[in-house]
Amino acid sequence: MKNIIALIFLMLFLVQRANCREISLSASMLDNSGNRVNILRAKDIVRFKVCADRDCYIAILCIDARGVKSWLPMTNNFLEAGQARLFPDIAGSVLRVADDGVTGSEQVVIYACSEKAGLPSQTDSGNFVSTDLHTIMRRQRASKAGMVYDTGIFKITYTILK
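Since we're looking at a predicted model, the values are computed, not measured.

About the cut-offs
- Position numbers for residues count from 1 along each chain, tracking the sequence in the order it is written.
- Where totals are concerned, whole chains, interfaces and linings use all residues; where local detail is concerned, this predicted model gives features only for residues with pLDDT of at least 70, and gives and counts side-chain atom pairs only at 80 or more.
- Side-chain descriptors were evaluated using all non-hydrogen atoms of the structure, hydrogens and water having been removed beforehand.
- Segments assigned H or I by DSSP are reported as helices when at least four residues long, segments assigned E as strands when at least two residues long, and all are numbered from the N terminus.
- Exposure categories follow from relative accessible area, calculated using a 1.4 Å probe and restricted to protein chains: below 20% of the type maximum is buried, above 50% is exposed, and the middle band is partly exposed.
- In what follows, residue pairs with any heavy atoms lying within 4.5 Å of each other are defined as contacts.
- Think of a nonpolar core as a cluster: buried Ala, Val, Leu, Ile, Met, Phe, Trp, Tyr and Cys residues, connected wherever their side-chain atoms sit within 4.5 Å.
- Here, a salt bridge means any Lys or Arg side-chain nitrogen found within 4 Å of an Asp or Glu carboxyl oxygen.

> Could you give an account of the environment of serine 24, naming the residues involved and the relevant values?
By the secondary structure assignment, serine 24 is in the loop between α1 (2–18) and β1 (25–30). Residue serine 24 is classed as partly exposed on the basis of its relative accessible area of 41%. If sequence neighbours within four positions are ignored, serine 24 has contacts with Cys51, Ala52 and Asp53.

Structure (structure tokens):
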């Protein structure tokens, strides 16, 4: 009897997993005038325009040229399908390139999930290590506590110049 119950749970899990689809994201970095950019300079103001093909929740991880990672705070991380949104979305907030003399490549990684519970933990900060992105990017489906969610990932790479 235990084997039959275990088999039923396994079959339900596999059916649920088979119904998962990847969330298609598109995103771009915008300067203060709303132009798409991939090269920035110290003190530039930037925003991110993000759109998804299906309703989803997002989390945005920023990795600076020194390798320090931080999660972009937001008031509403829900995206409606086909509706482009600008981030940061906190009223009065400005995201400005640091004027600390550091140049190089920086990244913004946007994670999307059909359910808020499937997003990566946003408590992790500090220095970026190569396994951080690999841990999530090696699979396109998130699984937590036996639940399987639809997910998507989009990465923006840009350069900071003097």
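There's more to say after this.
> Give me the nonpolar core: which residues, what numbers.
If you look at the biggest cluster of nonpolar residues, it comprises 24 residues, and the most contacted ones within it are Ile58, Ile60, Val108 and Ile110. Contributions of two or more residues to this core are made by β1, β3 (45–52), β4 (56–63), β9 (104–113) and β12 (147–161). With 10 residues, the next largest nonpolar core counts Ala59, Leu61, Tyr149 and Ile153 among its residues.

> How would you summarise the pattern of salt bridges if you had to cite specific residues and measurements?
What the rule picks out here adds up to 3 salt bridges. One salt bridge in this structure joins aspartate 150 and arginine 54, with 2.8 Å as the shortest N-O distance. Placement of the pair is aspartate 150 in strand β12 and arginine 54 in the loop between β3 and β4, with a sequence separation of 96 residues. With respect to class, aspartate 150 is no different from arginine 54; both count as buried. The partner of arginine 85 in a salt bridge is aspartate 89, and the shortest N-O contact between them spans 3.0 Å. In this pair, the class of arginine 85 matches that of aspartate 89, namely buried.

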